[in-house]
Amino acid sequence: MDGYTSSELVSIFAMQGFAGISLFSVLLLMALGLAIIFGQMGVINMAHGEFMAVGAYTTYFMATLTETYFPAFMPYYFVLAIVVAFFVSGLLGYLAEFALIRHLYKRPLDTLLATWGLSLIMQQSFRSLFGAREVSPTLPEWLLGSYQPTEMIDIPLNGMFVLGLTTIVTLGVYYLMFKSRWGLRVRATTQNRVMSDAVGINTKKVDRYTFALGCGIAGIAGAAFTTIASTGPTTGTLYIVDTFMVVVFGGAASLFGTIASAFSIAQAQSILEFFISGSMAKVYTLLALVLILMFKPEGLFASKVRR
Amino acid sequence: MRKTSTSRLPSIMRRRFVKGLMALPAAILLSNMSLSVSAAEVNTTGLAVTDDTVTVGILHSLTGTMAISETGAQEAEKLAIKQINDMGGILGRQIEIIQEDGASDWPTFAEKSKKLLVKDKVAAVFGAWTSASRKAVLPVFEKENGLLYYPTFYEGLEQSKNVIYTGQEATQQILDGLNWVAKEKEAKTFYLIGSDYIWPRTSMKIARKHIENVLGGKVVGEEYKPLGNTQFGSVINKIRLKKPDVIYAAVVGGSNVAWFKQLKAAGITSKKQTLLTISVTEDEVLGIGGENLEGFYSIMKYFQSQDNENNKAFVKAFKEMWGEDSVIGDVTQAAYLGPWLWKAAVERAGSFDVDKVVAESEKGDIELTTAPEGYVKLHKNHHLWSKARVGQWKKDGQATVVYTSELIEPDPFPAGYQ
């Protein structure tokens, strides 16, 4: 790195650091919903990416609606869109659990096939409803551009926004799972379903709401990603691989594991990307992942569940 | 002498008059000939041609990832076929369409092209979009001796007897754009970035040779990201560190949107940075959003905003058929040329036989004066002579054409660039 002034190097270092943190927040937000569903229920939800797309399309729909009918509301609609995205995806998740997933709890591998089928159905529905072309909602001004603390440093505003949102969602999930009565019931069901039934927990209801919560969080992630990329019928498939990678690497049932895994993958990838060209950076990251999983097949933080 | 000449005059007149009378029914006969020629005469190889119809195939992805890009192409092909039918068809036959879905899956493309050629016996196929799908169907077309009109700008290095390439090959798109930016923006240093597959890599290879050997410039970075990648933070920081005069981009698909959104979010806008891309048309801008592209440049052969009578009529007809909101990108226009080029070749051959149509096409003098992009001519190497154009994007998603080249000869196997 010859020929650069020290102030240039410092600012690149700062921006590169933020690029890593930004990727971390994206990965974490994607993985949270799946971690809940996979970790607590053992359901491999292949349609997770499509629930994210539902969130993204909801945001697009809200943006179009606001632009047409309440243009004055444009600066604020995005916050509302996130909330709506959560409930729309959550409701769809609730229905999917009721109609499909609950019949397959005894056959975990079949849930994989069934949710994959569901994802294909959802993709085609997006195509029929919104068309094959990719869409982008019009974003409010405050989400565009960058924050410049100094002349040399540009911190992307959308990245900061996703980081903030991820923090809020993670804290929310932590509170729900570990501090609330509902979380207690979820964890009890995970540890011993029969016993939980016996002490009067409605485990069926717990399952349904857990699945809906996971899908709802996917919806939030989808809404947030409209600030980064566009939305098309097959957008979900772009995210699903990274999402599974984070969850599996972190250890299925552990919230902390998911956070740690998202952080290490994101940092490894963004540092490698800076020094070697794009495709190879991904190759090395995945190779390292495979190696670690060979020695620790349960992931970074294995759950201590009695089975 | 004088006497004989005066006496001859009326006889000449009379002869001319008689000749004219005799010619009249012949002319009527000629104009109707296309209707009266039997199917057996215009089709000796068992294609799906009857006395009043001819069947062609359209093979694009209607589902899957590529549906986004291929929708426009198949819409343009249908428009051209409808217009040809309204004019009376080809050799007096109305064109009928069998449409198949390639489903963004290359083996499916091969399978469907086989079905179109073997079972449906179509006289020509308009289709394929990605290089991967073209490579997949190529052996089928060569084995079954079919005829494919391929609309996309692509990396070159190919020339099949059974394919007519209506988009531009790499040199037609790349060289003039680089010349323009070197001259106009006094660019010396270039940063190349593309998606990781054959088309961007071949294009960048040609671009690098041209920058280094012809323009005397320097490539300060070359980078390929996986298809579908949505994270460009690290690359953008690298670009910032290298401070290139020009970013030269060939990022495709969903990645494209993330790439431009993140450039804007990182504060890299056209005010500070020149960016020239070979992968953004009006279609992509729909997804990217004009505000994220404002001021950047694309090099293509066609822009919807082109100001000529052909294009005005084309845009109007396209919007009437496919809706007021539809936009027309480079490939959509190239796809529109396919049926017209086929019509011209068939009419000159007086036959639908693939060999005869190809032979006419290979004479290298089939012209289209009605092309929306302006005048085009089919070269004997199966590619089109066309002009390169640089467009500067505006907030509304349309481009202003700031440079138009001379007509460029297609050269799919450029010497010194491989």
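Residues numbered from 1 in each chain as written. Chains lettered and ligands numbered in written order. Predicted model: local features only at pLDDT ≥ 70, side-chain atom pairs only at ≥ 80, totals over all residues.

How would you sum up the overall build of chain A? Please name residues and give values.
Each helix and strand counted, chain A has 11 helices and 2 strands in total. Scanning chain A from its N terminus toward the C terminus, one meets helices and strands in the order α-α-α-α-β-β-α-α-α-α-α-α-α. Relative to the 2.2 N^0.38 estimate, which gives 19 Å for 307 residues, the radius of gyration of chain A is 20 Å and therefore close to what a compact globule would have. When each of the 307 residues of chain A is scored for burial, the buried share is 48%. (Helix = DSSP H or I, 4+ residues; strand = E, 2+ residues; numbered from the N terminus. Rg over C-alpha atoms; globule rule 2.2 N^0.38 Å. Buried ≥ 20, exposed ≤ 12 C-beta atoms within 10 Å, placed from the backbone.)

Quick rundown of the overall build of chain B? Include the residues and the values.
From N to C terminus, chain B includes 14 helices and 14 strands. Across its three principal axes, chain B shows a C-alpha extent of roughly 95 × 60 × 45 Å. Counting every position in chain B, which comprises 418 residues, the buried fraction comes to 52%. Taking the contacts inside chain B whose residues are at least 6 apart along the sequence as the reference set, 71% of them involve residues at least 24 apart. (Contact = placed C-beta atoms within 7 Å.)

Please give an account of the interface of chain B and chain A that cites residues and values.
Listed per partner, the contact involves 34 residues of chain B and 36 residues of chain A. Secondary structure elements with two or more residues in the side of chain B that touches chain A: helix H3 (67-86), strand S7 (218-225), helix H8 (233-242), helix H9 (253-265) and helix H10 (282-288) of chain B. Taken together, the residues of the side of chain B that touches chain A sort by class into 11 nonpolar, 16 polar and 7 charged. (Nonpolar A, V, L, I, M, F, W, Y, C, P; charged D, E, K, R; others polar.)

Can you tell me about the sheet that holds strand S5 (residues 163-165) of chain B, naming the residues and giving the values?
Residues and elements named next belong to chain B. Across the sheet, which stays open at both edges, the 5 strands sit in the order S2-S1-S3-S4-S5 with parallel pairing between neighbours. Taken across any chain shown, the strands that pair with only one partner, and hence form the sheet edges, are strand S2 (94-101) and S5. Strand after strand, the sheet turns through a mean of 25 degrees between neighbouring axes, direction not considered. Taken together, the 3 bridges between strand S1 (residues 53-60) and strand S3 (residues 125-127) define a ladder with parallel strand orientation. Counterpart to Gly 57 in the pairing with S3 is Val 125. Running at roughly 175 degrees to S1, helix H4 (residues 106-119) makes contact with S1, S2 and S3 of the sheet. (Pairing = 2+ DSSP bridges. Axes fitted to C-alpha atoms, helices over the stretch in contact; angles between N-to-C directions.)

Give me the lowdown on the packing of helix H2 (residues 48-69) of chain A against helix H9 (residues 235-250) of chain A, citing residues and values where you can.
Residue and element names in this part refer to chain A. Interaxial distance between H2 and H9 falls to 7 Å at its minimum, and their mutual angle equals 130 degrees. Judged by the inter-axis angle, H2 sits oblique to H9. In the crossing of H2 with H9, the sense of the turn from one axis to the other is right-handed. From H2, His 48, Gly 49, Glu 50, Met 52, Ala 53 and Ala 56 reach across to H9, where they touch Thr 235, Gly 236, Thr 237, Tyr 239, Ile 240 and Thr 243. For the contact of H2 with H9, the class distribution of residues is 5 nonpolar, 6 polar and 1 charged. (Parallel < 35°, antiparallel > 145°, perpendicular 65-115°, else oblique. Left-handed = near helix turned anticlockwise from the far one by under 90°.)

Requested: an account of the packing of H3 of chain B against helix H13 (residues 330-349) of chain B, with residues and values cited.
Residue and element names in this part refer to chain B. Orientation of H3 relative to H13, taken along the N-to-C sense of each, is 35 degrees, at an axis distance of 7 Å. In this structure, H3 crosses over H13, and the sense of that crossing is right-handed. In this structure, H3 uses Gly 72, Ala 73, Ala 76, Glu 77, Leu 79, Ala 80, Ile 81 and Ile 84 to contact H13, whose residues at the interface are Val 331, Thr 332, Gln 333, Ala 335, Tyr 336, Gly 338, Pro 339, Trp 340 and Lys 343. Classifying every residue of the contact of H3 with H13 by side-chain character gives 11 nonpolar, 4 polar and 2 charged.

Describe in detail the domain arrangement of chain B, supporting the description with residues and values.
Interface size is commonly expressed as the accessible surface area that is lost when the partners come together. Residue and element names in this part refer to chain B. In terms of domains, chain B is made up of domain 1 (2-36), domain 2 (53-168 + 308-382) and domain 3 (171-300 + 392-408). Averaged C-alpha coordinates put domain 2 and domain 3 at centres separated by 28 Å. Between domain 2 and domain 3, the residue contacts involve 15 residues of the former and 14 residues of the latter. A per-class count over the side of domain 2 that touches domain 3 returns 6 nonpolar, 7 polar and 2 charged. (Domains from an automatic or database assignment.)

Describe the nonpolar core, naming the residues involved and giving the relevant values.
A general feature of soluble globular proteins is that nonpolar side chains tend to end up buried together. With 195 residues, the main nonpolar core has Leu 27 and Ala 31 of chain A together with Leu 341 of chain B as its most contacted residues. In this view, Leu 27 of chain A contacts Asp 242, Val 246, Ala 262, Ile 265 and Ala 266 of chain A; residues no more than four positions away in its chain are not counted. (Core = buried A, V, L, I, M, F, W, Y, C linked by C-beta atoms within 7 Å.)

Describe unusual backbone geometry, with residues and values.
Most of the time, phi is negative for any residue but glycine, and the peptide bond is trans. All names here are of chain B. For Ala 128, which is not a glycine, the phi torsion comes out positive at approximately 70 degrees. Of note, Ala 128 is situated in the loop between S3 and helix H5 (131-144). According to the C-beta neighbour criterion, Ala 128 is buried, with 30 such atoms within 10 Å. The residue Asn 145 is not glycine, and still its phi comes out positive at about 50 degrees. Its place among the elements puts Asn 145 in the loop between H5 and strand S4 (148-150).

So what's going on with the confidence of the model for chain B? Which residues, and what values?
All names here are of chain B. Averaged over every residue, the pLDDT of chain B is 88; the share at 70 or more is 91%. Considering only residues more than four positions removed or in separate chains, one finds that residues 1-10, a stretch of pLDDT under 50, has 0 contacts. Note on residues 24-35: pLDDT is under 50 here. Beyond four places in sequence and across chains, it has 3 contacts. Model confidence for the complex: the whole-complex pTM is 0.82, and ipTM, which rates the interface, is 0.79. (pLDDT = per-residue confidence, 0-100.)

A description of the confidence of the model for chain A should follow, citing residues and the corresponding values.
With 96% of its residues at a pLDDT of 70 or more, chain A shows a mean pLDDT of 88. Here strand S1 (residues 146-147) of chain A stands out as the least confident element of chain A, with mean pLDDT 84; helix H3 (residues 77-99) of chain A is the most confident, with 95.

Lay out the environment of Trp 322 of chain B with the relevant residues and their values.
Residue and element names in this part refer to chain B. Secondary-structure assignment places Trp 322 in helix H12 (residues 309-322). Taking the number of C-beta atoms within 10 Å as the measure of exposure, Trp 322 has 18 and is therefore partly exposed. Between the C-alpha atom of Trp 322 and that of Val 357, which follows or precedes it by 35 residues, the distance is 30 Å.

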